[in-house]
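# Residue-level structural notes
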Amino acid sequence: MASVFTILFAGLSAAQSFAAEVNVYSGRQEALIKPLLDKFTAQTGVKVNLVTGKADALISRAASEGEFSQVDLLVMADAGRLVRAKNMRLTQAIGLDLPALSSSFIDEEKHWVALTTRARTVMYKKGSDVVLPESMLALADKKYAGQICVRSSSNIYNQSMTAAMMLDKGDEVTSKWAKGIAENMARKPKGGDRDQIKAMIAGECQFAIANTYYLGGMLTSSDESQREIAEQVAIAWTPKSEGGTHINISGVSIAKHAPNKAAAEQLLTFMLAEEQQAWYAEVNQEYPVIDGVNWSKTLERLGRFDAQSVNFNDMGRLNGDALKLMDKAGWQ
Amino acid sequence: MNGFNWIKIFAVIFASILILPLFSVLFSVFSPDLDTWQHLIDTVLVDYITNSVVLALGSATGAILLGTTTGYVMANYQFAAKAILQIVLLLPLAMPAYIIAYTYTGLMDFGSPLHQLIRDVFSLPSTVSVLPDIRHLSGAVVMMSLVLYPYVYLLSYAAFKSQPDALQNVSTLAGKSSLSHIFNVALPMARPAILTGGALVMMEALADYGTVAYFGVNTFSAGIYRTWFGMGNREVAAQLASALCLFVFLVLILEKYSRKDARRYVNNLANKKTTREVTGKGLVFIWLLCLLPPLFGFFIPSIQLLYWAVFTSEADTQGFSNLLGNTLYLSALAAFIIVALALMFSYVARMTSANHFSRLNQLLSLGYALPGLVIAVGVISISGWADRQFNMFTISWFDFRPGLIISGSITILLFAYSVRYLSVALQNTENGFARISLQTDAAALNLNPSRWHLLSRIHLPLLRPSILSAMLLVFVDVLKELPATLVLRPFNFNTLAVRAYELASDERLIDAALPAIAIVGVGLLPVCLLIYQLERRST
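Residues numbered from 1 in each chain as written. Chains lettered and ligands numbered in written order. Predicted model: local features only at pLDDT ≥ 70, side-chain atom pairs only at ≥ 80, totals over all residues.

The test is simple: UniProt positions are given in the numbering used here, feature names are shortened, and annotations may be inferred rather than shown by experiment.
The name that an unreviewed UniProt entry assigns to chain B is Iron(III) ABC transporter permease, with the source organism given as Agaribacter marinus. The annotation that UniProt attaches to chain B under Sequence similarities (unreviewed entry) is "Belongs to the binding-protein-dependent transport system permease family."

As named in an unreviewed UniProt entry, chain A is Iron ABC transporter substrate-binding protein, taken from Agaribacter marinus. Quoted verbatim from the Sequence similarities (unreviewed entry) heading of the UniProt record, the comment on chain A is "Belongs to the bacterial solute-binding protein 1 family."

### A few points about the overall build of chain B
The condition that has to hold: Numbering goes from the N terminus for both helices and strands, where a helix is a DSSP run of H or I of at least four residues and a strand is a run of E of at least two. Only C-alpha atoms enter the radius of gyration, while the globule expectation follows 2.2 Å times N to the 0.38, with N the number of residues. Put plainly, a residue is buried at 20 or more neighbouring C-beta atoms within 10 Å of its own, exposed at 12 or fewer, and partly exposed in between, counting only other residues' C-beta atoms, which are placed from the backbone.
From N to C terminus, chain B includes 22 helices and two strands. The globule rule puts the C-alpha radius of gyration for 539 residues at 24 Å, and the 24 Å found for chain B is close to it. Taken over the C-alpha atoms alone, chain B extends approximately 80 × 70 × 50 Å along its principal axes. Residues classed as buried in chain B amount to 50% of the 539 residues present.

### Considering the UniProt feature "binding site: Fe cation" (unreviewed entry) in chain A
Residue and element names in this part refer to chain A. Within this numbering scheme, the UniProt entry marks Tyr213 and Tyr214 as carrying the feature "binding site: Fe cation" (unreviewed entry). Its place among the elements puts Tyr213 in helix H8 (residues 212-219). By C-beta crowding, Tyr213 is classed as buried, having 24 other C-beta atoms within 10 Å. By the element assignment, Tyr214 lies in helix H8.

### With respect to the pairing of strand E3 (residues 73-76) of chain A
Residue and element names in this part refer to chain A. This is how it is decided: At least two DSSP bridges between two strands are needed for those strands to be called paired.
By the alternation rule, side chains of E3 split into Leu73 and Val75 and Leu74 and Met76, which are all buried. In this sheet, E3 lies alongside strand E1 (residues 21-26) in parallel orientation, the contact comprising three bridges. Looking at E3, one finds that Ser26 is bridged to Val75. Here four bridges tie E3 to strand E9 (residues 246-255), and the two strands are oriented antiparallel to one another. From the neighbouring strand, Val75 faces E9, where its bridge partner is Val252.

### Some words on helix H3 (residues 55-65) of chain A
All names here are of chain A. Of all eleven residues in H3, ten are buried; the element is thus mostly enclosed. All buried positions along H3 are accounted for by Ala55, Asp56, Ala57, Leu58, Ile59, Ser60, Arg61, Ala62, Ser64 and Glu65. Immediately downstream of H3, the backbone of Gly66 shows phi near 60°, a positive value.

Below, the structure is given as structure tokens:
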């Protein structure tokens, strides 16, 4: 009887599973993951099936599909979503020996592991006579009134940065800081990170808060006007003494009901290998999580920096509170 | 049981299935999270509401102004090369709102060639910004009006076209000026159609996320995303979506009320409609008037996109035919299914004297105003549940585990599109039915009592223009649809909109130009078909 059904439904089933296959839900967009997956397939013969999309929506999809879900590997573009997937019990402990990573890049229970990191920084125009803030925190000072361009609090990078600050400095300092930033804004938040950088060069503001890989992307852009703008930008890193520059991670988890667990582990190992780590740096200007992997020329040009030490699980957990804090501070 | 009862039963079954995702959203109201609500009320809720109301009313007003003016002119005047304008006026339909928003931002951007050119012409230093910034609420209203006015144009054109010459003659005999005729006769008679178009625009504007997110306008939809993604609070997000539903329901009831006289007994088939010939200065004026909306809503952004796609983009064209194939297949299939459903629902509502079927249609229309992602999540929960139940059944009876059958299939995408876009099709089919006089039904049934005969030989031929415009609108809507496609699609399945969005959301606007212009290109095909049909009808 069962075999009859197998034949009946083989053609109907949404995703059939064969021996050498692995199914990936990715909150990272296709251009930033597909080339790696293709390379993996070429090297191992394991076929990779991919759905990309908004991380939270993919998390909801995995949750609704439950124990029958086909998904093996979850790829997320920020710590908050990795933690959310873990807390919704959609992941399982990775039973592999992982390469030597800084402990903050691996979940305590090994439910996720980081793939890359990115830094969120204060940027300014080279050669301008502004007084540089000694840290992200100092940017809230009254003397920077009307000088800041930053995107909306709806954006996850701002939420993560705020959550990390809540962990580091406490709610009260962070509240005051968020209010200060909101009051110092040169304009209502709009656009993406690249737009803040452009507005800063256009003279709308003196400082832009943006992720480094956007600047890196502009520096290596095929569009000359973007390169021209990016060439004029310098970064004011937050030094170790002030807590270091805020970083976030992208990372992977193995799905709790992964039907192709072995292949998923194989793919995970592949992604953390040195060659792939260097690829991220080269193509998307993100920092590798493995020490000793070469940075791209562009990243080297932006300079080495001291990263803040943060517990990404705690940071992810505080994401909602961070948004509420920003709401109250009037950060639109 | 006769055939019509069967149709009624089918209608009820399909309606129940389509309404399930909406209910799964609405059910969230039973688990209120008072703390989060208090927080929203204290901080951002007023902003969400005001911004959404202004965006919806503003976009509807803008679209009505553009759509009604052009619709009136095209229906009443004959002039040189009118056929070209007929095509051109509908082109913005193919332009997704978020794409036009990104494009204008890039076009007027500080570092853009246009900006540089203006600075060069007036010899201004390169640090001066001369073009206005469009990224705010009123900018969003303009963007929405520019791409959504064809909804009003299509409906008002059809309405004006069906106003017989006799009406104009009566006005003239009564010594009324043309202007007075327009405002006192033509417009009030076309009002139901105009308002229907306006309601569609409002719903589209309320559901929009891409444009407002990029422009930093905190609307209700943006708030739903923010609450869900930012706060990780799916329940409150669903409650916000329910509130949006309720608001739209009220708007739809108002719209329906305004249409209640539309079931009038005017036999508009016997009356001829002639158009007046325009030459000279009037011709130039009409051309300018009708060219402006598509110029800003289509040509300028398309040229910019083409420029990017050809000169600066590095986007790979690998697998592009696949993207194109998927997009066409999905849009065509969805258009066919959704219009078939809409026909069934509006037919049942027309043939039933009691009101509950037309109320049901209003309920089914709600999906249009919900952000696609909210519908997607409703659909996911339903399909996940159904798959689980089915697996449990087969496991316990046959020891067989088929896995997911609906989830992650094309079927689920079509389901979500039906929930989301049924309204678009319904508005057209209902309007189409409303224009067929009830006397026609009575006469036809007298000659041949078969309802099937009435539907196939009388209604369907008369409805053909409505069916076609419904199919076109659903086709281009699905073509442009993003959030639901993004989450629900099967493995390794991409569409043009998905590709364009992924690149644009990574702030790689220029690389997004190629898939974006392809969306526009694919959208042109059905637009041209529709125009051909509109023309055939009028001759």
